[in-house]
Amino acid sequence: MDWRVPLADLDFGKAERKAVMQVLESRWLSMGEVTVQFEKAFAAMVGAEHAIAVSNATVALHLAVLALGIGEGDEVILPSLTFVATANAIKYTRAQPVFMDVTNETDFNLAPSAIERAINRRTKAIMVMHYGGYLCNMPEILRIAREHNLFVIEDAAHAPGSSLEDRMAGAWGDVGCFSFFANKNLATGEGGMVTTDREDLAEKVRLMRSHGMTTLTWDRHEGHAHSYDVVELGYNYRIDEIRSALGLVQLEKLYLTNALRRDIVRAYREGLKDVEVVSIPFEDHPGVSAAHLFPILLDASVDRSAFIDAMKARGIQTSIHYPPIHLFSYYRGQMGEIHLPVTETIGKREVTLPLFSRMTEAQVEMVVEGVKGAVEEASMVVERS
Ligand SMILES: *Cc1c(COP(=O)(O)O)cnc(C)c1O
């Protein structure tokens, strides 16, 4: 479909093309020197000791859980209002995901009080997800983690460049996991990053990313090594030089592109402030957001499907973040019925509006006017007797 305003768009230009061409001309495509540069630059941005580039955020999360030694018989607390990969990464290790509710209709992040309720002697970790780039209440979550001796894993897929109290996403927990999927703030197509301050975790993640092997093809190419040992059951979760080259350029722009996204968020908030049947979460959020998503919550009097159709008729693409994981057939079959009232309400009423760094003022205006028209059209007729 040819959208007048797509949900997301790349911020790619000449620099990306040049970086990819340089890799092609170098004749080294698999993980090597460009990846090392990307990792160094990313670690510096986050303020973490180590950054390890991987194939995507799903495997970053898998490696985070593995590196912390979590597995069968262990529980990990996480929100249900996230992408399914957050939970799947826990399941891959045979640990049990424990879904808890988010805070309220203005804060879509995991509620610290819900985390405390879920803790028992099998609990090993808290996996938070910074919804839309707005950091969770990390000071409180770290306090809970310390009190109960739990690990903290950050799913920071939405949050490259986000911060709270001057501490970046990915620098709060034991491990941070980032996504460079095609529609994320920093896009390489597929790609991901693990960040940590802990040397032991970094070493383990590096090993597990490449078959548990003690040396890399690159080391052998460079003449640093001629053989290797295998010391763990590892995976092939590597990134390649083409993606790392894209990542480096995208990282250089991140400060600017995130700022452009925040400008659009401000314009949206201003444009939509008088629309009574629309509420916007994270209004008073204390941090700096990467502004990955612009979620709105429709009043119960608005039919969401009709709203989405009315937006589509105007050429405006929207999405839903997220259908709650605990309601998916697979997860229902795994753990039976659970009830998370705030998550379920958001799951039913949330709509994500287009947001990307190069959105024009005219496009923002088109979406704002589109929302105003669509809520009228989608307003449910209340039968009166
Ligand atoms: C995109 C995303 C992921 C998965 O990222 P991939 O790089 O596609 O594997 C995980 N968690 C959240 C919250 C995401 O938005």
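Quick notes on the rules
- Residues numbered from 1 in each chain as written.
- Predicted model: local features only at pLDDT ≥ 70, side-chain atom pairs only at ≥ 80, totals over all residues.
- Heavy atoms only, no water.
- Patch = residues over 30% accessible without salt bridge, like charges linked within 9 Å, V, L, I, M, F, W, Y side chains within 5 Å.
- Areas by Shrake-Rupley, 256 points an atom, 1.4 Å probe, with all protein chains shown as cover.
- Salt bridge = Lys/Arg side-chain N within 4 Å of Asp/Glu carboxyl O.
- Helix = DSSP H or I, 4+ residues; strand = E, 2+ residues; numbered from the N terminus.
- Buried < 20%, exposed > 50% of the residue type's maximum accessible area, 1.4 Å probe, protein only.
- Domains from an automatic or database assignment.
- Contact = heavy atoms within 4.5 Å.
- Buried area = accessible area lost by both parts, 1.4 Å probe.
- Polar contact = N/O pair within 3.5 Å; in protein donor to acceptor, adjacent residues only side chain to side chain.
- Nonpolar A, V, L, I, M, F, W, Y, C, P; charged D, E, K, R; others polar.
- Lys, Arg positive; Asp, Glu negative; His and termini not counted.
- Charge placed at Lys NZ, Arg CZ, Asp CG, Glu CD.
- Near = heavy atom within 4 Å.
- Expected span 1.5 Å × (residues − 1).
- Arc of directions from axis to C-beta.

A. Representation of a nonpolar patch on the surface. A contiguous nonpolar surface patch, about 260 Å² in accessible area, is contributed by M21, L24 and L29. Relative to the assigned elements, L24 resides in helix α1 (residues 14–26).

B. Highlighting unusual backbone geometry. Geometrically, the link from H321 to Y322 is a cis peptide bond, its omega value of 10° lying close to zero. Here Y322 lies in the loop between α10 (304–313) and α11 (329–335). For N149, which is not glycine, the phi torsion reads 60° and is therefore positive. Locating N149 in the fold gives a position in the loop between α6 (138–148) and β7 (151–155). Positioned with a positive phi, E165 is a non-glycine residue whose angle comes to about 50°. Counting through the fold element by element, E165 comes out in the loop between β8 (163–164) and β9 (167–168). On the basis of relative accessibility, which here comes to 61%, the residue E165 falls in the exposed class.

C. Quick peek at the domain arrangement of the protein. Looking at the protein, the domain boundaries give domain 1 (14–250) and domain 2 (255–384). For domain 1 versus domain 2, the distance between C-alpha centres works out to 27 Å. Listed as interface residues are 36 residues of domain 1 and, on the opposing side, 36 residues of domain 2. Interface of domain 1 and domain 2: buried area, both sides summed, is about 3,100 Å²; carbon and sulfur atoms make up 61% of it. Contact with domain 2 buries surface across domain 1, with F99, Y134 and N185 losing the most and accounting together for 22% of the total. Linking domain 1 to domain 2 there are zero salt bridges. At the boundary of domain 1 with domain 2, the tally comes to 19 residue pairs in polar contact (both at pLDDT 80 or more). Of all the elements in the fold, those that place two or more residues in the side of domain 1 that touches domain 2 are α4 (84–91), β3 (96–100), β4 (102–104), β5 (107–110) and β8. Examining the composition of the side of domain 1 that touches domain 2, we find that four residues originate from one element, α4, more than from any other. Class assignment for the residues of the side of domain 1 that touches domain 2 results in 16 nonpolar, 15 polar and five charged.

D. Spatial organisation of a negative patch on the surface. Residues E49, D197, E199 and E203 make up a contiguous surface patch of negative charge. With respect to the helices and strands, the residue E49 is situated in the loop between α2 (33–46) and β1 (50–54).

E. Spotlight on the site of the ligand. Not every one of the 15 residues close to the ligand is listed here, only the nearest: A57, T58, D155, S179 and K184. Contact distances for the ligand include 2.5 Å between an oxygen atom and a side-chain N or O atom of T58. In this structure, K184 approaches the ligand through a side-chain N or O atom, which is 3.3 Å from an oxygen atom. In the shell around the ligand, the residues fall into six nonpolar, seven polar and two charged.

F. Representation of α1 in the model. With 13 residues, α1 should cover 18 Å at 1.5 Å per step; its first-to-last C-alpha distance of 18 Å lies within 8% of that length. The complete set of buried residues in α1 reads E16, A19, V20 and V23. Angular distribution of buried residues about the axis of α1 spans 95°; they occupy a single face of the element. For α1, the exposed residues set more than 90 degrees away from the buried face come down to K14, R17, K18 and E25. The positive-phi residue at the C-terminal boundary of α1 is R27, with phi of around 65°.

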